[in-house]
Amino acid sequence: MTPIPARITDWFTAKGWSIHPHQQDMFDRAQDPATLLIAPTGGGKTMAGFLPTLAELADRPRDGLHTIYVSPLKALAADIRRNLRGPADEIGLPIRIEDRTGDTSATQKKRQRVDPPHILLTTPESLALLTSYEDAPRMFTGVQRIIVDEIHALAESKRGDQLMLALARLQSLCPDLRRVGLSATVEDPAAIARFLARHPDPCQIIQADPGPDPDIRMLETQEMPPWSGGGAAYSIPTVLKQIKQHKTTLIFHNTRAQAEIFFHNLWLANDDALPIGIHHGSLDRQQRERVEAAMVRGDLRAIVCTGSLDLGIDWGDVDLVIQIGAPKNVKRLVQRIGRANHRYNAPSKALLVPANRFEVVECVAALEAAKAHDLDGEPRGPGPRDVLCQHILIAAAAGPFQADALFAEMTAAGPYARLTRAEFDACLTFCATGGYALRAYDRWQRLQQRPDGQWQLRDPRAAQRIRMNLGTIQDTDTLKVRLKRNRGGKPLGEVEEAFAASLTPGDTFLIGGQIVRYEGLREMVVEVSRRADRKPKIATFSGTKFATSTQLSDRILRMFAQPDWPQLPSHTAEWLALQRDMSRLPHRDRLLIESFPNDGREHLCVYGFAGRNAQQTLGLLLTKRMEETGLAPLGFVATDYATLIWGLDAVTDPRPLFQPDALRDGLEIWLAGNAVMKRTFRASATIAGLIERNTGGQRKSGRQATFSSDILYDTLLKYDPEHLLMQITREEAMRGLVDFGRIEDMLARIGDRIDLIRLDRVSPLAAPLFLEVGKIPVKGAAEERLLAEESERLLRAAGLAAS
Amino acid sequence: MNKVTFSFADQTLFALASGALWWPDKCLLCVSDLHLGKSERLARRGGPTLPPYDSQDTLTRLAADIARTGAETVICLGDSFDDLDASVAIGAAEKQNIITLQAGRRWIWIEGNHDPGPIDLGGAHLSEYMLGPLTFRHIAQHGARAEVSGHFHPKARLRAGNRSITRPAFLVDDTRLILPAYGTYTGGLHSSAPALNGLMGERALAILTGPQPQIIPMPR
């Protein structure tokens, strides 16, 4: 084992720093094929990752690429470049450190391929793109190390799967490549280690001292949280007080829409004009960069934000994190709290603000879980095949390949270690011919097999198209929002196309904390004017609503089993006691169903505690079953813990509704025509290369030549339902938005222990559900009826009569 | 049969749920913009290999409309093929389907911008066709009267309740009728787009296709 070179230890000493034990550990293990470091933010994690690189370059100066650093954020790559430059110069290492992201200029990118720097800082997409060039072997000659930062975040997404496939390719080019992963605290480090390492290489896990436990509490407010909603407007005065008492506060929200509303309300109450900014993924890049810069300068006292600030950029002196709304997931809460106070060894400080009465229970449960270090997470399952298809195309763009060699390479990637040859072959066939039951493209195959058995692109120009459509990030169809009549129009951000379609001139909505008035749509840009005099409609953003994790739901159910609740504020404890008195509290091993009349309609409330997505699916399946049995359901609404269904007739025997087989059959039929499936299909078809986002011309939209991907889905469903992409779509939907797995788990857990309680009025626990937004009318006949009514009204209003 | 009945140039016409036009007096069925062979053409040009079932699907729906109406004359109003090569390249099964559909009835191919020349299939090939008061052509002409055309793939959007519903649509005013695209792989142009908004008169109506066709003032 070689010691750390004296030049480097001297530099540490000169700075008055000592080398942390985990930094030394990482250095000692520098020759291992793979190492995973778990360390809190501010623990010198980046230095731990780069120390072996600096040492090797100090001992043996050389040309060419030595280390590649990959992070999920472009900004992080730039940040690390700046933070690494100083030490390298001070230690006296004449090395080149450059970043390469979507923001890098074309000239710079070209030069990097010819003459790469010693250290290249990049993103998963840019790295995958580099491996798609024919000259990739030359550029990557001699690469020694790859550092994957924020690997816990990447491991949860297809971006991570893409990165691991790119690493597999890189490893084929540079057999000596050593891998390092840097991660925040996670529930299952071994899973991340398997994800990172070349299969079946071992991967040592190094745990840094996690530092003292964070100081997390509930925010104590004068006012009681409301019965429903996610705005937490009641907490504004207390939150403002907290901002004043701290240097810099990060205020996290679960959704962009909630962040917008909260920011708007905060601003209205901000009598001292404290500098407060807003930051989320739908805001214009310039706007976000301005807020980030102000933050780094220390000009802001608070930032209202969403997950877009979750990752590890150093924002300076944050001394308080406030989480608005129940965190849904303990691990995310702990990681967010880690954003405060980057001084190692000082506890981070955080406050939880429940947005409604039920979330009080959820926040207390999350708090107890965080204190017990009981983190949650769902195993992710094997790597998705749509990403695999994209990488087969990327491999083809780089040059001809042998199927056997590519299969061996791809199964060395952690997420694809269990990929079967049959699955791989199906993906290869899809890439080559489309893989349809009807063999229509023999003449126009995308990939062709040469006489020597190698696969190659039929049309070499296709390589460019593949590169242009590389990546797994789905931009849902969003439209830019600009101020009208302002020369050039100041960009404000983006809204979903579906939301824009629902606007009529004069409607108002919130974006970037301002109320704007919709003026019209011009060349696929939403034009707005400033307007501060009306209550806004709310912009709907694509930010996913996370479902409450299984572990957190279990904790809540365990809490319900307590005889009383000393840990809860009295208003909430009294509410639960009233529920127990009037009906029952839900129990983990039973399914509580309440039936009661309200406002002339019959209601059924099903407390499944399966998370928002699964409860929504349950609502769709149950109403379908009820329609079949003549119970005339009219609609339903779902939250993380319950589904409330209303209709004309009371349910007297719920058991037949909950037959697992019948629900599963219903799922198959319902899934077929479902919007969730179509959305999932579009994402997977885009990743797998069937739908091209970029065709070199302008974006697809509003042109009669392009047609909706829904048509492709409908066509496959009708003529080729077992097609690879339909299989992928079903898999994705089952574990994603449909979340049927959690319904199955619940059904297995409760068995036949279903308690139907008939009440003469709404129960305390069901009451908040009546205030929930997002009520879903039972579909089918409903839409045609709406259409007929509205058509008639319009015709009458226009004085036109249909013959 | 789900349809909307309307009057145009003193003729009673039916807008069918499928997007086809039925003229009962002449026992005539008219469909526009079939774009047969679209998936094949995209693949041929190096694009993605889309599910190759579009031509089959379009023809199956057309066969159903012909069977339901018992049409004696069928007019395909242009862009019947995605390009002239597609008219050659569509599969043998699709060609056979077309021949079967043509048997025992009059069949007129109107030229479109995608298929401007004669094609190697039976039926009359015309640039436009007049019958009674009506003129059938692919692209609407300025100043035309009693004109039935296609080309634009019109669609219309309606807000009902909290949702926005978009459907392919017939557009009709005093002088012209524009058919929605009938082909499976076709998109649409909103009736509010300048090209359509400028073309249609003030009192234009839109007929939304779908399970239960609906007539509304044309959304601008």
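Residues numbered from 1 in each chain as written. Chains lettered and ligands numbered in written order. Predicted model: local features only at pLDDT ≥ 70, side-chain atom pairs only at ≥ 80, totals over all residues. Heavy atoms only, no water.

1. Comments concerning the overall build of chain B
- A count of helical and extended segments in chain B gives five helices and 16 strands.
- Relative to the compact-globule value of 17 Å for 220 residues, chain B shows a C-alpha radius of gyration of 17 Å, a close match.
- With the C-alpha coordinates aligned to their principal axes, the bounding extent of chain B is approximately 45 × 40 × 35 Å.
- The buried share among the 220 residues of chain B stands at 62%.
- Of the contacts made within chain B by residues no fewer than 6 positions apart, 64% connect residues no fewer than 24 positions apart.
- Between the mean site of the 21 positive side-chain charges and the mean site of the 21 negative ones, chain B shows a separation of 8 Å. (Helix = DSSP H or I, 4+ residues; strand = E, 2+ residues; numbered from the N terminus. Rg over C-alpha atoms; globule rule 2.2 N^0.38 Å. Buried < 20%, exposed > 50% of the residue type's maximum accessible area, 1.4 Å probe, protein only. Contact = heavy atoms within 4.5 Å. Lys, Arg positive; Asp, Glu negative; His and termini not counted. Charge placed at Lys NZ, Arg CZ, Asp CG, Glu CD.)

2. Notes on the domain arrangement of chain A
- Domain boundaries in chain A define domain 1 (6-207), domain 2 (215-371), domain 3 (385-449), domain 4 (478-530) and domain 5 (583-784).
- Distance between the C-alpha centres of domain 3 of chain A and domain 4 of chain A: 42 Å. (Domains from an automatic or database assignment.)

3. A few points about the interface of chain B and chain A
- The interface of chain B with chain A comprises 46 residues on the first partner and 49 residues on the second.
- Roughly 4,100 Å² is buried in total at the junction of chain B and chain A, and carbon and sulfur atoms are behind 60% of that figure.
- Viewed at the interface, chain A and chain B are joined by one salt bridge.
- Residues B:D57 and A:K718 are paired through a salt bridge, measuring 2.5 Å at the closest nitrogen-oxygen approach.
- If you list the elements that add at least two residues to the side of chain B that touches chain A, you get β1 (3-8), α1 (38-44), α2 (54-69), β11 (154-160), β12 (163-172), β15 (205-208) and β16 (214-217) of chain B.
- Examining the composition of the side of chain B that touches chain A, we find that five residues originate from one element, α1(B), more than from any other.
- Broken down by class, the residue content of the side of chain B that touches chain A amounts to 19 nonpolar, 17 polar and 10 charged. (Buried area = accessible area lost by both parts, 1.4 Å probe. Salt bridge = Lys/Arg side-chain N within 4 Å of Asp/Glu carboxyl O. Nonpolar A, V, L, I, M, F, W, Y, C, P; charged D, E, K, R; others polar.)

4. Re the pattern of salt bridges
All names here are of chain A.
- For the coordinates displayed, the defined rule picks out 59 salt bridges over all chains.
- Among the salt bridges present, the one from R81 reaches D99, with a minimum N-O distance of 3.3 Å. Of this pair, R81 sits in helix α4 (residues 74-91) while D99 sits in strand β3 (residues 97-100); the two residues are 18 residues apart in sequence, bridging distant segments of the chain.
- E731 serves as the salt-bridge partner of R385, at 2.7 Å between the closest nitrogen and oxygen. Taken together, the positions of R385 in helix α16 (residues 385-398) and E731 in helix α27 (residues 724-735) put the pair 346 residues apart, joining distant regions of the chain.
- By relative accessible area, R385 is classed as buried at 9%.

5. A closer look at the layout of surface pockets
- Considering only enclosed or pocket space, the second largest pocket measures out at about 330 Å³ in volume.
- Along the wall of the second largest pocket there are 17 residues; nearest its centre are A:A440, B:E40, B:A89, B:I90 and B:G91.
- Mapped by element, the contributors of at least two residues to the lining of the second largest pocket are α1 and α2 of chain B.
- No other element matches α2(B), which puts three residues into the lining of the second largest pocket. (1 Å grid on protein atoms, 1.4 Å probe; cavity = no way out; pocket = protein on both sides within 12 Å on 5 of 7 lines; lining within 4 Å. Points joined across faces, edges and corners; volume = space filled by probe spheres on them.)

6. Brief notes about the sheet that holds strand β16 (residues 478-483) of chain A
All names here are of chain A.
- Ordered in space as β17-β16-β20-β19-β18, the five strands form an open sheet in which the pairing is mixed. At either end of the open sheet lies a strand with only one pairing partner, and these are β17 (491-496) and β18 (508-511). Strand-to-strand twist across the sheet, computed as the mean angle between neighbouring axes with direction ignored, equals 45 degrees.
- Two elements, strand β19 (residues 514-522) and strand β20 (residues 525-530), share six bridges in a ladder whose sense is antiparallel. Pairing of G520 across the sheet is with E527, part of β20. (Pairing = 2+ DSSP bridges. Axes fitted to C-alpha atoms, helices over the stretch in contact; angles between N-to-C directions.)

7. A short note on unusual backbone geometry
Residues and elements named next belong to chain A.
- With omega at 0 degrees, the peptide bond leading from H199 into P200 counts as cis.
- Relative to the helices and strands, P200 resides in the loop between α10 (189-196) and β7 (204-207).
- Here H373, not a glycine, exhibits a phi torsion of approximately 55 degrees, which is positive.
- By the element assignment, H373 lies in the loop between α15 (357-371) and α16.
- For H373, a relative accessible area of 55% translates into the label exposed.

8. Section: the packing of helix α25 (residues 675-687) of chain A against α27(A)
All names here are of chain A.
- The contact between α25 and α27 brings their axes to 9 Å, and the two run at 120 degrees. In terms of their interaxial angle, α25 and α27 are classed as oblique. Pair α25 / α27 crosses with right-handed handedness. Listed contacts from α27 to M677, T680, F681, S684 and A685 of α25 are L725, M726, I728, T729, R730, E732 and A733.
- Residues that form the contact of α25 with α27 fall into these classes: seven nonpolar, three polar and two charged. (Parallel < 35°, antiparallel > 145°, perpendicular 65-115°, else oblique. Left-handed = near helix turned anticlockwise from the far one by under 90°.)

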